Amino acid sequence: MTAKTCLILDIGSGTQDVLLYQEGLELENCPKFILPSPARTVAARIRELTALGRDIYLHGQNMGGGFWRAVKAHQDAGLKVFAHPDAALALGDDLDQVRGHGIDITSVPPLSASQVLLTDFDPGFWRGLLQHAGLPQPDLVLACVQDHGFHPGKSNRISRFAYWERFMNEDGGDLSRLLYADPPEEMTRLQCLRRSIGVGLVADTGSAALLGALFDPGVERTANTEGVLVLNVGNSHTIAFLVLGRQVLGVYEHHTGHLDETKLLDHLARFRRGELDNQEVFDDGGHGCVTVADLPDGFRRIVVLGPRRALLADAKVEFLAPGGDMMLAGCFGLLKGWREAGW
């Protein structure tokens, strides 16, 4: 499929970074947006309703749950929170556990409650924004979010990393398997996103960041020869990949808030040698670490992306700006993946 205009979104916990790619237009001249993430927008709306003393009804679908603190503050103010069963999944895989937090799950909106829409991608919002800006509507949407997967009763840190273990063990770390027209069944947030965007492809934010680094021709050349370590230091999660050729040979993921420069550099040094233990990362509050059994020597070049990259400001690493804009690295990665898929 050939698209003249492609709306590309990297939806994180703090921001959603957006590129409106138009064929025939220089990449530098394509419109770009850095907007608050949908979860932050939801949190802001909940806080408004808290100030007004209104009960709320969450409806819509699974999305990033970064608005949980606003929900808790709403309850602490003595106000009620209702949620549709589909929307309640944004707060947890186990609906009984969600109920245990005092949230009334019902498919019937209470007349007394103000409704709050939950969704990572709202077609009406983007249609209106582009129209008011005098920009063309997209023929195709590419979007990424971070999905912990649907695993009731299990730690979402374990279920999240099971995704990467399966990518390594079943997909062989093949870079071409990172974008989805049909996401894995257990990746329920990606499934919801895929339905919302209509025509298009979806991916995990970690995958988009990895492909974004490889959007830089020099980084891709290094990956094809001696291997490269790609690191994305996000607002919430830090993820690293060992890439050689068209294959990922290792994945490491931790929570950014648990890391400082010394710890992260130690982890990365042992990660690229295949000496970092998965259990150590998990016990430290992270997700995990996996590498192939016979990891080759190399990966000495470390390239860094992400809004929290200043964590390594004093380290001997390279800070990338693929396509001239680091914040859009995930968008350029989705663009690269789409082009290479020939979809």
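Calculation notes
- For every chain, the first residue of its written sequence is number 1, and the numbers climb from 1 along that sequence.
- It should be noted that, the model being predicted, local features are given only for residues of pLDDT at least 70 and side-chain atom pairs only at 80 or more, the latter also being counted only at that level, while totals for whole chains, interfaces and linings use all residues.
- Side-chain measures here rest on the full set of heavy atoms in the structure, leaving out hydrogens and waters.
- Helix numbering and strand numbering both begin at the N terminus, where a helix is a DSSP run of H or I of at least 4 residues and a strand a DSSP run of E of at least 2.
- The globule rule used for comparison is 2.2 Å times the number of residues to the exponent 0.38, while the radius of gyration itself is calculated over C-alpha atoms.
- Buried, partly exposed and exposed residues are distinguished by accessible area as a fraction of the type maximum, computed with a 1.4 Å probe on protein chains only: under 20%, between the cut-offs, and over 50%, respectively.
- Two residues form a contact once any of their heavy atoms are found within 4.5 Å.
- Grid spacing is 1 Å over the protein atoms alone, the probe is 1.4 Å, and a cavity is where that probe fits but cannot get out, while a pocket is an open set with protein on both sides within 12 Å along at least five of seven lines and lining residues have an atom within 4 Å of a point.
- Grid points are joined across faces, edges and corners, and a volume is the space filled by probe spheres set on the points.
- Under the grouping applied here, Gly and all other residues not named as nonpolar or charged are polar, the nonpolar ones being Ala, Val, Leu, Ile, Met, Phe, Trp, Tyr, Cys and Pro and the charged ones Asp, Glu, Lys and Arg.
- A pair of strands is treated as paired once DSSP finds two or more bridges between them.
- Interaxial angle, 0 to 180 degrees, is taken between N-to-C directions of lines fitted to C-alpha atoms, where a helix line uses only the stretch in contact.
- Working definition: roughly parallel below 35 degrees, roughly antiparallel above 145 degrees, roughly perpendicular at 65 to 115 degrees, and oblique for all remaining angles.
- The term salt bridge refers to a pairing of a side-chain nitrogen on Lys or Arg with a carboxyl oxygen on Asp or Glu at a separation within 4 Å.
- Distance and chemistry together define a polar contact, namely a pair of N or O atoms within 3.5 Å, with one atom able to donate a hydrogen and the other to accept it when in protein, and with adjacent residues in sequence counting only for side-chain atoms on both sides.

Chemist: Explain the overall build of the protein to me, please; I cannot follow it from the model alone.
Modeler: For the protein, the count of helices and strands is 12 helices and 16 strands. Against the compact-globule benchmark of 20 Å for 343 residues, the protein has a radius of gyration of 20 Å, which places it among compact chains. For the C-alpha atoms alone, the extent of the protein along its principal axes is close to 65 × 50 × 35 Å. Considering the protein as a whole, with its 343 residues, one finds that 53% of them fall into the buried category. Pairs at least 24 apart in sequence give 64% of the contacts found in the protein among residues at least 6 apart.

Chemist: What should I look at first to understand the layout of surface pockets in this one?
Modeler: A probe matching the size of a water molecule, rolled over the atoms, marks out where space remains unfilled. Each pocket or cavity is described by its volume, and for the second largest pocket that value is around 320 Å³. Elements supplying a minimum of two residues to the lining of the second largest pocket: β3 (32–36), α1 (38–52), β7 (114–118) and α5 (123–132). By residue number, the principal contributor to the lining of the second largest pocket is α1, which donates 4 residues. Taken together, the residues of the lining of the second largest pocket break down into 9 nonpolar, 4 polar and 3 charged.

Chemist: Hey, could you run me through the sheet that holds strand β8 (residues 140–145) in this one?
Modeler: Strands in a sheet are paired, the pairing made by backbone hydrogen bonds, and the direction either parallel or antiparallel. Strand order in this open sheet of 6 strands is β3-β2-β1-β8-β10-β9, and the pairing throughout is mixed. The strands lining the two open edges of the sheet, one partner per strand, are β3 and β9 (179–180). Pairing of β8 with strand β10 (residues 200–204), which is carried by 5 bridges, proceeds in the parallel orientation. Bridge pairing in β10 places Val145 opposite Asp204. In the packing of helix α7 (residues 188–197) onto the sheet, contacts are made with β1 (5–11), β8, β9 and β10, and the angle to β10 comes to roughly 155 degrees.

Chemist: Hey, could you run me through the packing of helix α8 (residues 205–214) against helix α12 (residues 329–341) in this one?
Modeler: Packed helices, taken two at a time, are described by the angle their axes make and the gap between the axes. Between α8 and α12, whose axes approach to 6 Å, the crossing angle comes to 80 degrees. Regarding the angle of α8 to α12, the classification is roughly perpendicular. Across the interface between the two elements, Ala208, Ala209, Leu211, Gly212 and Leu214 of α8 pack against Ala329, Gly330, Phe332, Gly333, Leu334, Lys336 and Gly337 of α12.

Chemist: How should I be thinking about the pattern of salt bridges in this particular structure?
Modeler: Oppositely charged side chains can form a pair if their charged atoms are brought close together. Inspection of the entire model under this criterion finds 15 salt bridges. Measuring nitrogen to oxygen at the nearest pair gives 3.1 Å for the salt bridge that ties Arg246 to Glu340. One end of the pair, Arg246, is in the loop between β12 (237–244) and β13 (247–255); the other, Glu340, is in helix α12, with 94 residues separating them in the sequence. For Glu340, a relative accessible area of 39% translates into the label partly exposed. The structure contains a network of salt bridges with shared partners spanning Glu220, Arg246, Lys336 and Glu340.

Chemist: Would you explain the sheet that holds strand β15 (residues 302–305) in this entry?
Modeler: Strand order across the open sheet formed by 6 strands is β14-β13-β12-β11-β15-β16, with mixed pairing between neighbours. Edge positions in the open sheet fall to β14 (288–291) and β16 (318–319), since each of these has one partner strand only. Sheet analysis places strand β11 (residues 228–233) next to β15, joined by 4 bridges and oriented parallel. Its bridge partner being in β15, Leu229 is matched across the sheet by Ile302.

Chemist: What is the right way to read the side chain of Arg189 from this model?
Modeler: For Arg189, the position within the fold is in helix α7. Of the residues examined, Arg189 reaches a relative accessible area of 11% and is grouped as buried. Only 2.6 Å separates the side chain of Arg189 from the backbone oxygen of Gln146, close enough to count as a polar contact. When sequence neighbours within four positions are dropped, the list of residues in contact with Arg189 reads Ile11, Asn62, Met63, Gly64, Asp120, Val145, Gln146 and Asp147.

Chemist: Teacher, can you tell me more about the pairing of β10 here?
Modeler: For a regular strand, the rule is simple: side chains alternate between the two faces of the sheet. Of all 5 residues that make up β10, 5 are buried, and the element is covered over most of its length. Burial along β10 is two-sided: Gly200, Val202 and Asp204 facing one way and Leu201 and Ala203 facing the other are all buried. Two elements, β9 and β10, share 2 bridges in a ladder whose sense is antiparallel. Bridging from a neighbouring strand, Leu179 pairs with Ala203 of β10.

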